[in-house]
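Single-letter residue listing:
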Amino acid sequence: MTEYQVFNMMYVGFISNSMYFVGCVLLIWLGFRMANNIYNSPDANMASKIFTSLFCVLVAMMTYYTQQIGAAILGTAVTSLTDIGAESAGRMAVYVDHPLTIGGTVQTLFVVVVLVFQLAITWSKK
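Because the structure is a prediction, the values reported are computed rather than measured.

Peer 1: Help me understand the packing of aromatic side chains in this model?
Peer 2: Note on aromatic pairs: each is described by the distance of the centres and the angle between the planes. If you walk through the whole model with that rule in mind, you get two aromatic pairs. Ring centres of F7 and Y11 lie 6.2 Å apart, and the angle between their planes is 25°; this geometry places the pair in the stacked category. Of this pair, F7 and Y11 are both found in helix 1 (residues 3-40), four residues apart, which corresponds to roughly one turn of the helix. On the accessibility criterion, F7 (17% relative accessible area) is buried.

Structural data, given as structure tokens:
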């Protein structure tokens, strides 16, 4: 496999992963909408709070997993580039361990912050 083919396969993987991420963003937005409706409704029952919380947790798990798939795509590409001896492997390897990379520490923290924000809106009183 050539360097060009490795990058092409990586980009194809990122395209499908990014489309799944767009779906997760829409579900995150829906979670905020549901949480806001509960917050603004004085007669919201316990079942709606529990189901909204469960929905938000599941969306956060899916978003985290989507990020980890992106990290695996990047890691596999770097491994493949290293195996064929491509010069770009060293430069690409820097991105794999960086905290700002896809699936890294900052993205994971962002998912946790969004989840806590959604749950706080759901369970707080107006």
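Peer 1: Looking at this structure, I do not really get the side chain of K49. What am I missing?
Peer 2: Here K49 shows up in helix 2 (residues 46-84). Despite its burial, K49 pairs with no opposite charge, the nearest such side chain being D43 at 10 Å. Setting aside its immediate chain neighbours within four residues, K49 contacts I38, A44, T122 and W123.

Peer 1: How should I be thinking about the packing of helix 1 against helix 2 in this particular structure?
Peer 2: Relative orientation and spacing of two packed helices are given, respectively, by the angle between their axes and the distance between those axes. Direction vectors running N to C along helix 1 and helix 2 enclose 165°, while the axes themselves pass 9 Å from each other. As far as their axial angle goes, helix 2 and helix 1 are roughly antiparallel. Helix 2 is crossed by helix 1, and the crossing has left-handed handedness. Class assignment for the residues of the contact of helix 1 with helix 2 results in 23 nonpolar, ten polar and two charged.

The rules behind these values
Residues numbered from 1 in each chain as written. Predicted model: local features only at pLDDT ≥ 70, side-chain atom pairs only at ≥ 80, totals over all residues. Heavy atoms only, no water. Phe/Tyr/Trp six-rings, centres within 6.5 Å; stacked < 30°, edge-to-face > 60°. Helix = DSSP H or I, 4+ residues; strand = E, 2+ residues; numbered from the N terminus. Buried < 20%, exposed > 50% of the residue type's maximum accessible area, 1.4 Å probe, protein only. Lys, Arg positive; Asp, Glu negative; His and termini not counted. Salt bridge = Lys/Arg side-chain N within 4 Å of Asp/Glu carboxyl O. Contact = heavy atoms within 4.5 Å. Axes fitted to C-alpha atoms, helices over the stretch in contact; angles between N-to-C directions. Parallel < 35°, antiparallel > 145°, perpendicular 65-115°, else oblique. Left-handed = near helix turned anticlockwise from the far one by under 90°. Nonpolar A, V, L, I, M, F, W, Y, C, P; charged D, E, K, R; others polar.

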